[in-house]
Amino acid sequence: MTTELVLKSDSRLEFAFGKVSPGKEAWMFAEYFPAMGPAMAEYELSQLASFAVIATNVAGVTPVMGSFVSWPSAEKREAFHNDPRFVKIRPERDGALDLLSDGHLFQSMDEVIALNTDSDYAVIIAKDAGTVSDPIFALPLTSDSPEQAYTGKSISLRPWSEAEEQLLNSSPTEAEVFRVRFNPAG
């Protein structure tokens, strides 16, 4: 199967990853997301693609899932995070997560990318553009990204290969590597 990652240059691409606390999955997917759906739509959040994290070299709690979403601007994302509906539910949302790393906004581009949901891909965040050869895309962190942990770095996507396996075994200070499998759309 395939899914499409539809990127638009007049938006911000947000990369997020995390892990829902055991026993909180039903609340997260049956209550939180449905409750926040209207607010997310109001602020023009667009879910582009979600994925399972198969392996990573990120230190600490190991993420198991992630996503690419699109915002029209950093200001729209900030407005959503300040919306009273989100502010009210945020403590419960955060309490349902063992890990959440979000707010990483990258410059986008105009491209429609077909992704095979039966294949693994590498999401790599690195300072040196030469770390990743022949990426599907390599996009820099924006200066208006609320989270600046990746300042001076770019996010790259490419099919998983032996080179990524070797990079996965390196220090996350050189490159954060995520081996991911995209979920079918819908």
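Scroll up to find the structure.
Because the structure is predicted, anything quoted here is derived from the model rather than measured.

Where do I start with the overall build of the protein in this structure?
The helix and strand tally for the protein stands at four helices and ten strands. N-terminal to C-terminal, the α/β element order of the protein is β-β-α-β-β-α-α-β-β-β-β-β-α-β. Relative to the 2.2 N^0.38 estimate, which gives 16 Å for 186 residues, the radius of gyration of the protein is 16 Å and therefore close to what a compact globule would have. Viewed in the frame of its principal axes, the protein has a C-alpha envelope of about 45 × 35 × 35 Å. The burial tally for the protein puts 45% of its 186 residues in the buried class. Taking contacts inside the protein between residues at least 6 apart in sequence as the whole, the part at least 24 apart equals 80%.

Could you clarify how one ought to interpret the sheet that holds strand E2 (residues 12-20) in this entry?
Sheet architecture is open: eight strands sit in the order E5-E2-E4-E3-E10-E7-E9-E8, paired in antiparallel fashion. Two strands bound the open sheet, and with one partner strand each, they are strand E5 (97-107) and strand E8 (137-140). Within this sheet the neighbouring strands show an average axis-to-axis angle of 25°, counted without direction. Two elements, strand E7 (residues 121-126) and strand E10 (residues 175-182), share six bridges in a ladder whose sense is antiparallel. The partner of Ile125 across the bridge, within E10, is Glu176.

What should I look at first to understand the pattern of salt bridges in this one?
Between side chains of opposite charge, a pair can form as their charged atoms come close. In this structure the tally under the stated criterion is twelve salt bridges. Here Glu44 and Lys76 are joined by a salt bridge, their closest N and O atoms 3.0 Å apart. With Glu44 in the loop between helix H1 (25-42) and strand E3 (46-56) and Lys76 in helix H2 (residues 74-82), this pair connects stretches of sequence that are 32 residues apart. The exposure class of Glu44 is partly exposed, given its relative accessible area of 43%. The residue Arg158 makes a salt bridge to Glu164 at a minimum N-O spacing of 2.5 Å. Connected through salt bridges with shared partners, the residues Asp120, Glu165, Arg179 and Arg181 form a single ionic network.

How each quantity is defined
- What you see as residue numbers is a count from 1 along each chain, following the sequence as written.
- This being a predicted model, a pLDDT of at least 70 is required before a residue's local features are given, and a value of 80 or more before pairs of side-chain atoms are given or counted; all residues contribute to the totals for chains, interfaces and linings.
- Only heavy atoms go into the side-chain values, all of them from the structure, while hydrogens and water stay out.
- The numbering of helices and of strands both runs from the N terminus, where a helix is a DSSP run of H or I of at least 4 residues and a strand a run of E of at least 2.
- In this treatment the radius of gyration is a C-alpha quantity, and the globule benchmark scales as 2.2 Å times the residue count to the 0.38 power.
- Partly exposed describes any residue whose relative accessible area lies between the buried limit of under 20% and the exposed limit of over 50%, with all areas from a 1.4 Å probe on protein chains only and scaled to the type maximum.
- We call two residues in contact whenever any of their non-hydrogen atoms come within 4.5 Å of each other.
- Two strands form a pair only when DSSP identifies at least two bridges running between them.
- Helix axes are fitted only over the stretch in contact, all axes being lines through C-alpha atoms; the angle between N-to-C directions runs from 0 to 180 degrees.
- We count a salt bridge whenever a side-chain nitrogen from Lys or Arg sits within 4 Å of a carboxyl oxygen from Asp or Glu.

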